[in-house]
Amino acid sequence: MRFLGIGEECELGDMYQRLAQAGHEVRVFIESEASHDVFGNMIERVPDWNAHLHWIKEAGGDGVILFESALKGALQDSLRAEGYQVIGGSRYGDRLEGDREFGQAELREAGIQTAASREFTNYAAGMDFVRAHPGRYVFKSNGADSLRTRNYVGQMDDGRDVIALLHQYAAQCDGALQPGFVLMRHLQGVEVGVGAYFNGDSFLAPACLDWEHKRFFPDDLGELTGEMGTIVTYRHSTTIFEATLAKMAGKLRAGGYVGYINLNLIANRQGLWPLEFTSRFGYPGFAICETLHGERWDSIFRKMLGRGGERIATRPGFAAGIVLTVPPFPYAYGYALLSKGAPVFFRSPLTEAQRSRLHFCQVAEDEGQLIASGTTGCIAVATGKGATVEAARLQACRLADQILVANIRYRRDIGKKLVEHDLAFLRACGYIR
């Protein structure tokens, strides 16, 4: 097959490399100049994706364009209208993720309950709202490319900390450039995600459940990084999936969506409460899911294009993923001075099985030496699998311990809270068996 990858920062670099290693032809366009060195000398990068459309068209049914982000849905729709096979999302999917209030409205229209939230276009209005309606709120910026580190989960029952945050943000920006954001009422419960691959008409079975760990430090301390590690399973998802994401099938079909989509939720005794969509392949989610796949990406992609069946082969049990980073992750400031170019070593040679469970992110190859590249210092995700969450976590930790980079940081507690409390709570509520 022939694959043309289009993305801003080469977040699917590991997938591209594995497709190439499996014998497929792969070319990749990286939009951000600062990320041009990601997977340098490891994949074939092209400066203009337009110039390679004929190369995809020549492959006929074996030509596929892969999109990484939820920013170019209109372009995806246009390419599909021209007859190209495109996997990634759609304009509708972009709006589900980037326009949070629109996403919540679509969920309600599909018959899914949502938490109380309010959209704002300036910080002063947000502050006035919290003063008039005191409570705990979660602040999230609109836009699929917004900085996750600026999101905030309010801690004070009267909302004073959220008001102070909005005041700080207002002082930092030009009044004319204030971003859109939402304030959502804080919900107590267990955070869980449900995701599945959509082929343009229906979801491929089975759906998966995931438990992300977004804080930089254990015990939910530190900034929201996007992701520091995740637990995934392709079992036990039926109840949550059918009550939530499955109800979006008609809307996704009408919106021309083809790709992976995830819905993050809060589960409590009052029900399932959607928080946000991820309308794309999540990183490192795709790599952690791969640990439980019983077939390769090329086979899954054929099914997403409507060929080869409506189920993907998956393994039982759980997968754990641990994100390995170096300073200044999750920020970009100072990366060139602190860590960029740092050599990546292995304490001992990796076995073939270990190598299959290690998925690189912002790295490059320089004269045979693996080095840190890109913009923030996200080096790799080490994964493990097992019949239990704990078995998967321990296997992932053992692999992570084999990677040596100056000042490497990662969390070793991925999944512990799930084992100690959250799984039992979800079972008691009847959401999983």
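By convention here, each chain's residues receive numbers from 1 onward along its written sequence. Owing to the predicted nature of the model, reporting of local features is limited to residues with pLDDT of at least 70; listing and counting of side-chain atom pairs is limited to 80 or more, with chain, interface and lining totals taken over all residues. Computation of side-chain values: all heavy atoms of the structure, hydrogens and water removed.

Caption draft 1: Fine view of the sheet that holds strand 2 (residues 25–30). The four strands are arranged 2-1-3-4 in an open sheet whose pairing can be described as parallel. Two strands lie at the open edges of the sheet, namely strand 2 and strand 4 (86–87), each paired on one side alone. Paired strands are those between which DSSP finds at least two bridges. Counting from the N terminus, the helices are DSSP H or I runs at least four residues long and the strands are E runs at least two residues long. Of the pairings in the sheet, the one linking strand 1 (residues 2–7) to strand 2 comprises six bridges and is parallel in character. Along strand 2, the bridge assignment pairs R2 with E25. The strands that helix 1 (residues 13–21) touches are strand 1, strand 2 and strand 3 (63–67); relative to strand 2, the one it contacts most, it runs at about 160°. Any two residues whose heavy atoms approach within 4.5 Å are treated as being in contact. Here an axis means a line fitted to C-alpha atoms, over the contact stretch when the element is a helix, while the angle between two N-to-C directions is reported on a 0 to 180 degree scale.

Caption draft 2: View of the environment of V162. Note on placement: V162 falls in helix 7 (residues 160–172). Placed 27 residues apart in sequence, V162 and G135 show a C-alpha to C-alpha distance of 9.4 Å. When sequence neighbours within four positions are dropped, the list of residues in contact with V162 reads V130, Y137, Y152, G154 and L183.

Caption draft 3: Structural detail: the pairing of strand 12 (residues 259–268). Each residue gets one of three labels from its accessible area relative to the maximum for its type: buried under 20%, exposed over 50%, partly exposed in between, using a 1.4 Å probe on protein chains only. Here strand 12 lies mainly inside the structure; 10 of its 10 residues are buried. Bridge analysis of strand 12 against strand 13 (residues 271–278) gives seven bridges, and the strand direction is antiparallel. Bridged to L263 within strand 13 is F277. Between the end of strand 12 and the start of strand 13, which pair antiparallel, lie two residues.

Caption draft 4: Spatial organisation of helix 15 (residues 416–428). Here a helix's expected span is defined as the number of its residues, less one, multiplied by 1.5 Å. For helix 15, built from 13 residues, the straight-helix expectation of 18 Å at 1.5 Å per residue is met to within 8% by its first-to-last C-alpha distance of 18 Å. To get the bend at any residue, fit one axis to the seven residues that end at it and another to the seven that begin at it, then take the angle between the two axes. Approximately 45° is the largest bend angle found in helix 15, and it occurs at D422. Taken together, the buried positions of helix 15 are L418, D422, L423, F425 and L426. Of the residues flanking the end of helix 15, it is G430, one or two places downstream, whose phi is positive at about 85°.

Caption draft 5: Region of interest: the pattern of salt bridges. In what follows, salt bridge is the name for a side-chain nitrogen of Lys or Arg lying within 4 Å of a carboxyl oxygen of Asp or Glu. In this structure the tally under the stated criterion is 29 salt bridges. Linking R2 and E25 is a salt bridge whose minimum nitrogen-to-oxygen distance equals 3.0 Å. Pair noted here: R2 is in strand 1 and E25 is in strand 2, with a separation of 23 residues, a long-range link. For E25, a relative accessible area of 38% puts it in the partly exposed group. Between R412 and D401 there is a salt bridge, and its shortest N-O distance comes to 2.7 Å. Taken together, the positions of R412 in the loop between strand 20 (403–404) and helix 15 and D401 in the loop between helix 14 (389–400) and strand 20 put the pair 11 residues apart, joining distant regions of the chain. We classify R412 as partly exposed; its relative accessible area is 41%. The class of D401 is partly exposed, set by a relative accessible area of 26%.

Caption draft 6: Looking closely at the nonpolar core. In this text, buried Ala, Val, Leu, Ile, Met, Phe, Trp, Tyr and Cys residues form a nonpolar core when linked through side-chain atoms within 4.5 Å. Counting 105 residues, the largest nonpolar core has Y197, W211, F281 and F301 as the members making the most contacts within it. Leaving out residues up to four positions away in the same chain, F281 has contacts with L12, M15, F67, E68, I87, Y197, Y260, F286, W297, F301 and M304. Membership of the second largest hydrophobic core comes to 14 residues, among which are F120, F139, I163 and L165.

Caption draft 7: Structural detail: the sheet that holds strand 9 (residues 190–198). If you trace the eight strands from one edge of the open sheet to the other, you get 13-12-9-10-11-14-19-16, paired in antiparallel fashion. Each of the sheet's edge strands pairs with one partner strand only, and the pair in question is strand 13 and strand 16 (358–360). Taken pair by pair, the neighbouring strands of this sheet meet at an average axis angle of 30°, ignoring direction. One ladder, built from three bridges, connects strand 9 with strand 10 (residues 208–217); its direction is antiparallel. Looking at strand 10, one finds that G195 is bridged to C208.

Caption draft 8: Highlighting the packing of aromatic side chains. Whether two aromatic rings pair depends on their centres lying within 6.5 Å, for rings of Phe, Tyr and Trp, where Trp uses its six-membered ring; planes under 30 degrees apart make the pair stacked, over 60 edge-to-face, and the rest tilted. In total, this model carries 21 aromatic pairs according to the counting rule given. Put simply, the rings of F3, Y197, Y260, F281, Y283, F286, W297 and F301 touch in pairs and so form one group of aromatic residues. Only Lys NZ and Arg CZ are tested; either one counts as a charge over a ring when it is within 6 Å of the ring centre and within 35 degrees of the ring normal. Stacked on the ring of W55, the Lys or Arg R27 has its end atom at 4.0 Å from the ring centre. Sitting over the face of the ring of F102, R95 holds its NZ or CZ atom 3.8 Å from the ring centroid.

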